[in-house]
Amino acid sequence: METSDNGPEESIRNTKEPVATSDEVFSETDSPDWDELLDSYEQYVDQYISYVKKAVMGDMDALAEYPSFMQKAQELGEKMEKAKGDMYASQLAKYQKITMKMAEAAQHMQE
């Protein structure tokens, strides 16, 4: 998902200015779509990390959960693609924090 053409270091500011994702700038009324999606994304990442930990520890019941996680991931991805408006800097920062949490968990699982 692209959120800025300028790179994250220029985009992350603790302001309510929209972060450009296109040539259009949307009003703050579009912001709740992203807030709700980011909350869902964070919840999914937390659940997925827990699931992976169980699977790595050999929990065979965790394997039964895999299709459910893949379906949730697909649904969440579709919702993010359809989200209206640009992310604000605070939302982009939250998205990057959640994504980093997932990447760090994946890295620890490989160690």
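Placed above this text is the structure.
Residues numbered from 1 in each chain as written. Predicted model: local features only at pLDDT ≥ 70, side-chain atom pairs only at ≥ 80, totals over all residues. Heavy atoms only, no water.

Draft legend 1. Structural detail: the overall build of the chain. Tallying secondary structure elements over the chain gives four helices and zero strands in all. Listed N to C, the secondary structure of the chain is α-α-α-α in terms of helices and strands. Considering only intrachain contacts with a sequence separation of at least 6, the fraction spanning at least 24 residues in the chain is 77%. Total accessible area on the chain is roughly 7,500 Å²; 51% of this is exposed by carbon and sulfur atoms. (Helix = DSSP H or I, 4+ residues; strand = E, 2+ residues; numbered from the N terminus. Contact = heavy atoms within 4.5 Å. Areas by Shrake-Rupley, 256 points an atom, 1.4 Å probe, with all protein chains shown as cover.)

Draft legend 2. Spatial organisation of the nonpolar core. One finds Tyr41 and Met80 to be the most contacted residues of the largest nonpolar core, which totals 20 residues. If you list the elements that add at least two residues to this core, you get α2 (31-56), α3 (60-82) and α4 (89-110). The dominant element in this core, judged by the number of residues it contributes, is α2, at 10 residues. (Core = buried A, V, L, I, M, F, W, Y, C linked by side-chain atoms within 4.5 Å. Buried < 20%, exposed > 50% of the residue type's maximum accessible area, 1.4 Å probe, protein only.)

Draft legend 3. Local environment of the environment of Leu92. Tracing the backbone shows Leu92 in helix α4. Sequence spacing of Leu92 and Trp34 is 58 residues, and the spatial spacing of their C-alpha atoms is 9.3 Å.

Draft legend 4. Just the pattern of salt bridges, in detail. On inspection of all chains with the given rule, the structure shows four salt bridges. The partner of Glu42 in a salt bridge is Lys101, with the nearest N and O atoms 3.5 Å apart. Taken together, the positions of Glu42 in helix α2 and Lys101 in helix α4 put the pair 59 residues apart, joining distant regions of the chain. Lys101 sits in the partly exposed class, given a relative accessible area of 26%. Among the salt bridges present, the one from Glu65 reaches Lys54, with a minimum N-O distance of 3.0 Å. One end of the pair, Glu65, is in helix α3; the other, Lys54, is in helix α2, with 11 residues separating them in the sequence. Residue class for Glu65 comes out partly exposed when judged on its relative accessible area of 27%. (Salt bridge = Lys/Arg side-chain N within 4 Å of Asp/Glu carboxyl O.)

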